[in-house]
Structure formats: C-alpha cells, structure tokens
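Per-entry structural report
As a plain string of letters, each chain reads:
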Amino acid sequence: PAYNGGLFAADPEVSPTGALIAGIQLPNSSFARALTCLLVDETPEGAGPVDFRSLGVREFGTIYEGLLESELSVAQTPLAIDRDGFYVPVAEGEDAEITAGEFYLHDISGKRKSTGSYYTKAFAVEHLLDHSLEPALDEHIKRLDGMDDRPAAKAFFDFRVADIAMGSGHFLVAAVDRIERRLSRYLVSRPLPDVVSELKRLRASAVREIEAAGGSAEGIDIDNDQLLRRQIARRCVYGVDINPVAAQLARLSLWIHTFVPGLPLSFLDHNIVCGNSLVGIATMEEVAELLGSDQGSFEAELSGQFLAPVQEEMERLARLSDADASQIAEAREVLLAARRTISDKEVILDILTASRLPEMGYEPTLADLEDEKTRQVRLAEARELLRDSPPFHFPIAFPEVFLRERIGFDVIIGNPPWEEATLEEDDFWSRYITGFQALPQREQEKIKKRFRRERPDLVEQYEREVEEAETFRKLLTSGPYPGMGTGDPDLYKAFCWRFWQLANVDGGYVGVVLPRSVWSVKGSSLFRQTVFHEGLVEDITFLLNTAGWVFDEAEPRYTISLNSLQRAPTHWEKPVPVRGPFSSLERFRAGAAKSPVEFPLEGVLSWTDTAALPLLPSDESAEVFMQLRKAPRLDLYEKGQWRARPHTELHATNDKKLIDLSSDRSADGFWPVYKGESFDIWENDRGVYYGWADPEVMLPYLRDKRVRSRNNRRSPFSELVADHSPEWFADEETLPCMAPRVAFRDVSRATDTRTVRAALVPPEVFISNQAPYFLWSGGNESDQAFLLGLLCSIPLDWYARRFVETHLNYHVLNPFPIPRPDRSDPLWQRVVALSGRLACPDERFAAWAEAVAVECGPLEPGEKDDMIHELDAVVAHLYGLSEPQLRHVYETFHEGWEYGPRLEAVLEHYHSWVTSSRT
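Quick caveat, the model's predicted, so the values are computed rather than measured. (Residues numbered from 1 in each chain as written. Predicted model: local features only at pLDDT ≥ 70, side-chain atom pairs only at ≥ 80, totals over all residues. Heavy atoms only, no water.)

**Some thoughts on the overall build of the chain**
Just so we agree on the cut-off: The secondary structure listing takes helices from DSSP runs of H or I that are at least 4 residues long and strands from runs of E that are at least 2 residues long, numbered from the N terminus. Partly exposed describes any residue whose relative accessible area lies between the buried limit of under 20% and the exposed limit of over 50%, with all areas from a 1.4 Å probe on protein chains only and scaled to the type maximum. Contacts between residues were defined by any pair of non-hydrogen atoms, one from each residue, lying within 4.5 Å.
When helices and strands are tallied, the chain shows 35 helices and 24 strands. Within the chain, the fraction of its 919 residues that count as buried is 54%. Restricting to contacts in the chain with at least 6 residues of sequence separation, those with at least 24 account for 75%.

Structural data, given as structure tokens:
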C-alpha cells in the first residue's frame, strides 16, 4: 500500500507487475526448496537446522542491505568485477565471479553493491554515542537531580533519541544499551519509588504469564536491567525509514534485544515507523514560516493547541507498560484514537508541504486552512502532487516529542543515505545491460540507441522514474534545506538540515556519520555556518576508508566523518576540535584517545568563502597550513595585478550534440575535445580524448556564447569588456581555444597520487567541463607560467589536499593561497622560467614560449626532473616554508609514497637558494 503521512495507509495501488506477481502460485515442491535453504544448514558434519538464536543487529543489517539495495539479474555471459565495482563481461577461460546463466545481485547502477548506505561498524557507533548520547544523558541526569522524587519519576523516561534513516535499527539498539546503563546506575543510587514500582509490576506480570502457560518461574532471573531496556525501547527511542521492510527489521531487532521472558513483545508500532523523513513537516516553526512572517501568533497556537487534542491520549499511551496482551491491545486502540483525532491537522501539513512546489501555485494562509471547503480542494491538489513522494510529518507521527517542555529530540543519531536525489540515464540502463558502465562512451551511446528502439517499455519506465525523481528533487530543493540547489542534490545534505531542525534548540545533540564533504563542499556551506553560529562542535573525526576498514563495500578513497554537534548558542572562543584522518582501526583507537587538533573558529570562517574545514594529516600540519595561508588568494582582484578565473568551455551533457562521441578516430579537420584524462602535470597531450568536434560548427557556437556572456556579471567574460571591443568579442580568432591555456582536472581526490593536475593545453583543442581552464582579464603569458608553476608544485598540492574530496571545485580553487611577489623578485622570475620551459614540449607552444622567453621542445628525463625539483624548492621559498616545514609537506603528502630521493633533490635546491643572493 502507498504510505501516507506516517500514520494512514492509503488505498492499495497494485502496479501491473504487482498484479502479475499476485497471480502466481508456488507449488509445495518449489516453496519447500526455498524454505529448506532458509532453515537447513549444510556443514561438513552433515545437515542440521540453522541456529537463529545467535541472530543480532549485525545480521539484520546484512539482511537489510542484501534485500533492499539489490536487484536480481541473470548473467548472459561470464562476469567479473572491475576496479570500480561494476560487473563486466569476460572472455571464456578468464577468471569470472559469475558464470553464464547464474543469478547475481547488483545495485541500480550495475555495481556489486549500492554505495548509498552502509552498515555502520560498532567502533563508529560507539564513538558517536560517546560524544553525543553520553553528554546528553549527563544533562538528563542533572535535570533529574534537580527534581523531587515524584516529578523525577515522571521525567525518568522523558529522554528522546531518534534515528530518522534507521535501516535495521543498529544505532537504536546501541542507544538502548547506553541509556539502560545510565538509568540503571541512577536507580541504584536513587531508587525512585514510582519507577521501582513499575518495574516490580512488570516482573510480577512476567512471572504470572510464565506460570499461566504451565511453566515455572524458578531459575528465570528477570532483573531491572532487562526491564529497563524494554521500557527504554518503548518510550525513549524513535526510528523512521522510507522502506517498510526496514521498519519491520528494526522492530524485530529491538524486540529480540529487549526480550523479557513472560512479557509480550513491546508495542513499537508508534515509535518505529515507515516514512520519508525528508518530505513533510519537521517542526512547528516550519509551519509558521510557510504561513508567512505575519502569522507568527499561529506558531504558539501550533505548539500547543495544534497538538493539544492528542495530549491526553499520548500520555495514556506512555503510561501503558505493555505488561500483558490486553495492554498491547489497549495501546493499539489508543494510538488509533490519537490518529483519528489529529487527522485534520495532517491534512493541513500535507497542503503546506505541497505549497513549496511551483506546480501548486499557492501561498497558504491561515484563513484557507480554517475553511473546510477550500481545504478539501487544496488537499486534492496537494495529494496529487505528492503522490510519488508521500509526506511524513514528525509532529503528527510523534506528537509527544513536540508537546514536552524540551520540544524536539535530545539526540539524533544515525548514518543517512549519501546518494544523489537524481536518476542518471546511464545508471538506469546499467540495470538491463551487463557491464554497461564499464564500456567506452562511444559503445554506451550505440547500445542506448538500440535499446531505445527495441525496448519502448523500458523507455516508458525510465521516463516515469525520471518524473518521480524530479518531483522528489523539487521537494528537496524547495524545502527547508538551504544549499540543496547548489551542486549535486545529495540526500545527506538534506538530512543534515533535518537533524539540526529536529534536535532540541536548547542543547539537543546530533551524532551522525556523513561523508567528509559536508565540511568542504559549497552546497553544505550554509549548514556549516549555521552550526558554527548556532551550535557547538563537540567532535569531528575523519576516517579514510583505506581497504574498506570503515565500510567494506564503499569507495576506499572516501573520507568519512563522524560528527558530534550540539544545537546551542555558540561560544566564539571555543575552537573546532578535529581528529584524523585515520586510515586504520589501530590508528583510530590511538588517535581517538589523544586530544584533537583545535582550529580557531575565526580562522575557519576566513580561510575559505564556504567555511570549509581543512583535513590535516597530523598535529604538526597546522603550523604548515597557517604558513601557506599567509599568501593572498588566487582570485585576488586588484588594479595592476594579474587576474585568473576558472571557466568551463563545453558541457559534456548539454553540448553532447556538437561532439562526435562514436567515431574511433578524428574526421578530417576535426579538433580533439579534451577531458580531464587528456593531460597531466607537465604532460600536455596524453592522446586520450572525450571526442572530436568540427571547428566550423564549434567556433561560431563558442563565439556566440561569449558574445552573450559579455553582459553577464557572473561570467568571467564580463571582466574583459573594459579592455576589448564588441568586434573583438565577435572575432573567432580571439577565442581562448586558438591559443595555449592553463587547464586543470575537475575530478580529483585528496587520496590520489596528485590532487591538482594542471597543464598548458595546446591550441586548437576544445575542452569539456571535466577540465576547466583559466580566463585572464589581467596579466600575460609569464603570469600564466607563474600560476601554472605553483599549481604543479608539491607545496600547493599539499594545501589543496586539505580541502579536496572528489572534485577540485571553484570554491576550493579560488581561495588557494598564491604568493604575489614583484616581477623583479628572482623567485618569481625563476618560477616563470622553470614552469614556462616545462610547459612547452613541442612546436604547438612556440609562440607562447617566445612570449615567456623560454626555449621550446622536449627535455631529457634527468633535466626535466631536476627542473621539477628546483620548482618545488623555489615555491617553498615563496611561501616562506622552513626546512622542517618543507620536510613535513613531503612526509605527509601521500601515504606510502617513496618521497625520500625527491625530497633530498628538492632540499639541495632549497639550500642553494638560501645561500645565494636573491639580488
């Protein structure tokens, strides 16, 4: 059935596929084989029943990932797994993971397993609970200490923890144990009479049920710890997941973990539920905002009167201890009654959710919401728009959390999905075309063309899924998630805001696993600034997933962050504590026991435009980092100074129609279209291209685009207007592609052997968006050589690795520290000479080399290496790095690289510049 609002199941809508499956009947012979595989274990000693007693939350996590994130296919040919995790065909006789005709599981993009979410290992869960749940429990205990026995007993279980992307409930199970330990110890030191009496009643009920069933309670030890765990699972923890099977698995995990002999399974239907945490209303403040600033008085009404009708029922539900089957039945009745009572409020929140979509074309008002007829009309529109993304409203689902004095959750924990909220066409076809992602671009285009012709059913399915994904994307980008419209609409960005919104404003904690990019990418900049200004960072620990030690199946070069934050007014004198990155469990344990590196908050806010956090390899790195940061920014804009701005020439998707992607070689007169892999450091042309393009078509296209951009202040071309005439803009001969230019790879990682990969690309090539290039509104070829030299140096690359995760984005590049010495400075002159010579290996660069006053042509390997080493040494002097600092740069640049010989060669040049006169 379709899920609606977290509380009400809409009428079942059976798809054609679902109807087909519903009509299938399995004979006992087929069903018995499947059941036997589930229940019987084949061992060397023989067959025997599977022992399900050892099932734990880890197993449920495996089930969750295996069932919910995979699709089943039949291999048409033998398959292997490439380095990126995609299934690819292999020839007969070669090693294969899957044989022809064999069933295999893959994710929706054709990989062995999804990269969207992973089972979080115990060490990470415990670390997050140490830094978020434990301090929150400290504050809860302190509040109890300030109360008399009766109110303290009433508030004893008034501690709310939520995982709003819970999967199989791993975090919640661990949280139950932590809460039980603290509350159990508290009861030992202060046995609150009302709580002790409740536990005694539960124990007595368990004994009665055991004996009523004909058993004996003798020898069965039911202690307070068991009973407390059961009550905590029932009253303190909340979970939400978009998949109904996940909700069932999470309930099962908690039932098994908190089982008490003689007592029925706790009623968890209320607090462990299915719903989309990102679509719907999270708080009453959100409602007031949607109703407009002049509706502020309605916020107070919503906080009380909106939920007041169900307050008595929710309090009654909390008082029920699920001691026997009758109380479980009563709990169900109470919950159903509460749902009916609050159903009209859910209607209002559905309308408010849909009002964010431009298709709704409606600005809600309080008067409309109070008018029954208008409300019904708007509700029909809203539910039609939200059909593919039914909303989940937290105040409706968990009203008691918003009726308490401390509105919201005390702690938010979990590991949300990280994938983009989009459907890529290539990912779709990978479900049906084995090895599709591993094929060259030209082969992919041919196969897609054939499938579009031969499988109109799949085309229709793709279009339907695109429409659903687009609706969801619109809900996210128009929702209460600032920055979602910047960069890729990754789900984790929206979850960050949801966590923050749901945490109690007066000290709620957030302890979650996130990609490191939450502290670096532009799309999360507003979230970082909100945390820094409206909260406190308790701990950030970075983990490098080397060899999959953090997540078995995740990209091994990913950097992951364990984040513990508190929502509270910030203290500006409190620094930002950071640990790691740690590349193994041993290093993590050693580093977690030490004090973190602490960044001054003012520095974090000033180092970049986006308040990004640097990723330092060790405590000593802070000194080197601060020395490099003394240089001015790359995007400095001052009169008389050179000015370089990154710019994209072609878009691989939008301009695909202009590019020949199918031919194996260039047609006569066509120019290469570069991508990132087309060049490397001091390697201008690697012979690997994205495609080819006809200059007779492409040049007029680029000319017209430049002419249109001259009046767009956001375009770098607008800065050229002052020095160039309209005729210059309209002249194809002045286009950047007619001369050599400095380009860099967009796709890059801090864990690659090099991160900043820049080169002087030759004239008469076009460049895709995978390789932006620099446009210059000030400066000349010598300034280009100077910038290129710094970008290709180890000291600058070391700095870049502090911020880059998967892309060298403009917001990372523009704040790069780039020294600006006078042109008479020997260091400036030497960088230009070295870089200019290294950049000109053949006659295509002759005119550029003449402008820089360097020779042009190939270099002997030894001579080339010596020039590269000297360049690093000169750049180190430009930054003012001491010898120990330069050594540290090399020692921490790349884990496992053999830097010794290169460092010694660089130091030799470094010392020669120290002893020689710079004049």
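**Regarding the packing of aromatic side chains**
Heads up, the condition is: Each Phe, Tyr or Trp ring (for Trp, its six-membered ring) is paired with any other whose centre lies within 6.5 Å, and the angle between the two planes then decides the class: stacked below 30 degrees, edge-to-face above 60, tilted in between.
All chains considered together, the criterion is met by 36 aromatic pairs. An angle of 80 degrees between the planes, with centres 5.4 Å apart, marks the rings of W497 and F527 as edge-to-face. Of the two residues, W497 sits in helix α21 (residues 491-502) while F527 sits in helix α22 (residues 525-534), which places them 30 residues apart along the sequence. Classification of W497 by relative accessible area gives buried; the value is 8%. With a centroid separation of 6.1 Å and 35 degrees between ring planes, the pair formed by W897 and Y899 is classed as tilted. With a relative accessible area of 21%, W897 lands in the partly exposed category.

**What to know about the side chain of D635**
For clarity, the threshold we go by: Any pair of N or O atoms that falls within 3.5 Å is considered a polar contact. Within protein, one atom must be able to donate a hydrogen and the other to accept it, and sequence-neighbouring residues count only if both atoms are side-chain atoms.
The residue D635 is located in the loop between α25 (621-628) and β18 (643-647) in this model. Side chain to side chain, D635 and R633 meet in a polar contact 2.9 Å long. Setting aside chain neighbours within four positions, we find D635 in contact with D609, R643 and N814.

**Brief notes about α22**
Because an α-helix completes one turn every 3.6 residues, residues spaced three or four positions apart along the sequence face the same direction. Those residues of α22 lying buried are S525, F527, R528, T530, V531 and F532. In the core, the buried residues of α22 are packed alongside α21, β14 (535-544), β15 (559-567), β16 (576-582) and α24 (601-607).

**With respect to a nonpolar patch on the surface**
Rules: Nonpolar side chains (Val, Leu, Ile, Met, Phe, Trp, Tyr) within 5 Å and like charges within 9 Å form the patches, drawn only from residues with over 30% relative accessible area and no salt bridge. All accessible-area figures derive from a Shrake-Rupley calculation using a 1.4 Å probe, and residue coverage is judged against the displayed protein chains alone. The working definition used for a salt bridge is a side-chain nitrogen of Lys or Arg within 4 Å of a carboxyl oxygen of Asp or Glu.
On the surface, a nonpolar cluster with roughly 660 Å² of combined accessible area is contributed by I24, L26, F31, L35, L38, L39 and V40. Mapped onto the secondary structure, F31 falls in helix α2 (residues 28-39). Exposure remark for F31: the relative accessible area of 46% places this residue in the partly exposed category.

**Some thoughts on the sheet that holds strand β17 (residues 597-599)**
Our working definition: Pairing between two strands requires that DSSP report at least two bridges joining them. Orientation is described by lines fitted to C-alpha atoms, with helices fitted over the stretch in contact, and by angles between N-to-C directions that extend from 0 to 180 degrees.
Taken together, the nine strands give an open sheet; going across it, the order is β11-β10-β9-β12-β13-β15-β14-β16-β17, and neighbouring strands pair in mixed fashion. One side of each edge strand has no neighbouring strand; the edge strands of this open sheet are β11 (272-274) and β17. Averaged over neighbouring strand pairs, the angle between their axes works out to 20 degrees when direction is ignored. The sheet contact formed by β14 and β16 spans three bridges and is parallel. Paired with T541 across the bridge in β16 is R579. Taken strand by strand, α21 contacts β12 (411-414), β13 (509-515), β14 and β15, and its axis lies near 175 degrees from that of β13. Helix α23 (residues 585-592) contacts β14, β15 and β16 of the sheet and is inclined by roughly 155 degrees relative to β16.

**Digging into the pattern of salt bridges**
Under the counting rule described, the total for this entry stands at 52 salt bridges. D149 is the salt-bridge partner of R190, the closest N and O atoms lying 2.9 Å from each other. Here the residue R190 occupies a position in the loop between α6 (170-189) and α7 (193-212), and D149 occupies one in helix α5 (residues 149-155), the gap between them amounting to 41 residues. The class for R190 is buried, based on a relative accessible area of 18%. With a shortest N-O distance of 3.4 Å, R160 and D158 are connected by a salt bridge. Put simply, E126, D130, E134, D138, R178 and R182 are held in one network by salt bridges that share partners.

**Digging into the nonpolar core**
Selection rule: In plain words, nonpolar cores are sets of buried Ala, Val, Leu, Ile, Met, Phe, Trp, Tyr and Cys residues tied together by side-chain atoms within 4.5 Å.
In terms of nonpolar packing, the biggest core is built from 220 residues, with F156, F394, F398, V576, F774, F816 and I818 touching the most fellow members. Considering every element that reaches this core, the biggest residue donor is helix α13 (residues 325-354), with 12 residues.

**Some thoughts on the packing of helix α4 (residues 122-145) against α6**
Where we set the bar: Crossing handedness follows the turn of the near helix against the far one: under a right angle anticlockwise gives a left-handed crossing, and clockwise gives a right-handed one.
Axis separation between α4 and α6 bottoms out at 10 Å; the angle between their running directions is 35 degrees. Two packed elements cross with a definite hand, and for α4 against α6 that hand is right-handed.

**Comments concerning the sheet that holds strand β23 (residues 766-767)**
Pairing is mixed across the open sheet formed by three strands, whose spatial order is β20-β19-β23. Both edges of this open sheet fall to β20 (691-693) and β23, since each of them pairs with a single strand only.

**Some details on a negative patch on the surface**
Heads up, the rule is: Counted as positive: Lys and Arg. Counted as negative: Asp and Glu. His and the chain ends are not counted at all. We put the charge of a Lys on NZ, of an Arg on CZ, of an Asp on CG and of a Glu on CD.
A grouping of E855, E860, E863, D865, D866 and E908 is seen on the molecular surface, where their side chains present a negatively charged patch. Ranked by residue count, the leading element in the negative patch is helix α33 (residues 861-879), at three residues. Note that E908 resides in helix α35 (residues 900-915). Overall, the relative accessible area of 59% leaves E908 in the exposed class.

**A short note on the side chain of S709**
Mapped onto the elements, S709 comes out in helix α26 (residues 695-709). Looking at S709, its side chain comes within polar contact range of the main-chain oxygen of K705, at 2.8 Å. Apart from the residues within four sequence positions on either side, S709 is in contact with S715, F717 and S718.

**Points about the environment of D388**
By secondary structure assignment, the location of D388 is in the loop between α15 (372-385) and α16 (394-397). D388 gets classed as partly exposed once you look at its relative accessible area, which sits at 31%.

**Things to note about helix α20 (residues 456-477)**
Counted only if it meets this: Here a helix's expected span is defined as the number of its residues, less one, multiplied by 1.5 Å.
Here α20 is 22 residues long and its end C-alpha atoms lie 31 Å apart, about the 32 Å a rise of 1.5 Å per residue gives. Here α20 has its buried residues at L458, Q461, Y462, E465, A469, T471, F472, L475 and L476. Where α20 is buried, its residues touch α13, α15, α18 (425-430), α19 (441-454) and α21.

**So, the pairing of β12**
On β12, burial covers both faces: V411 and I413 on one face and I412 and G414 on the other are all buried. Across two bridges, the pairing between strand β9 (residues 161-163) and β12 is parallel. What sits directly across from V161, in β12, is V411.

**A short note on the environment of Y910**
Note on placement: Y910 falls in helix α35. Not counting chain neighbours up to four residues away, the residues in contact with Y910 comprise A873, A876, H877, L881, S882, E883 and L886.

**Thoughts on the packing of helix α12 (residues 311-319) against α13**
Convention followed: Any angle between 65 and 115 degrees counts as roughly perpendicular, while under 35 counts as roughly parallel, over 145 as roughly antiparallel, and the rest as oblique. Polarity classes work like this: nonpolar for Ala, Val, Leu, Ile, Met, Phe, Trp, Tyr, Cys and Pro, charged for Asp, Glu, Lys and Arg, and polar for all others, with Gly in that last group.
At a minimum axis distance of 9 Å, the contact between α12 and α13 shows a crossing angle of 160 degrees. With respect to their mutual orientation, α12 and α13 come out roughly antiparallel. Here α12 runs over α13; the crossing is left-handed. Along its contact with α12, which presents E313, M314, R316 and L317, the element α13 presents E330, A331, V334, L335, A337, A338 and T341. The residue inventory of the contact of α12 with α13, partitioned by class, reads seven nonpolar, one polar and three charged.

**So, unusual backbone geometry**
Cis geometry is adopted by the peptide bond preceding P581, which originates at G580 and carries an omega value of 15 degrees. Position of P581 relative to the elements: it lies in strand β16. Of note, the phi angle at A547 is positive, near 60 degrees, even though the residue is not glycine. Assessed through its relative accessible area of 76%, A547 is described here as exposed. One non-glycine residue, W682, lies in the positive phi region at around 55 degrees. Overall, W682 belongs to the buried group, its relative accessible area being 8%.

**A word on the pairing of β13**
For a regular strand, side-chain orientation follows a simple rule: the groups alternate between the two sheet faces. Burial within β13 is extensive, with seven of its seven residues counted as buried. Burial along β13 is two-sided: the face carrying Y509, G511, V513 and P515 and the face carrying V510, V512 and L514 are both buried.

**So, the confidence of the model for the chain**
Rule in force here: Scored between 0 and 100, pLDDT is the confidence that the predictor attaches to each residue.
Across the chain, the average pLDDT comes to 86, with 89% of residues at or above 70. Taken together, the stretch residues 1-17 has pLDDT below 50 and engages in 32 contacts with residues farther than four places along the chain or on a different chain. The low-confidence segment residues 112-116 (pLDDT under 50) makes 17 contacts with residues lying over four places distant or belonging to another chain.

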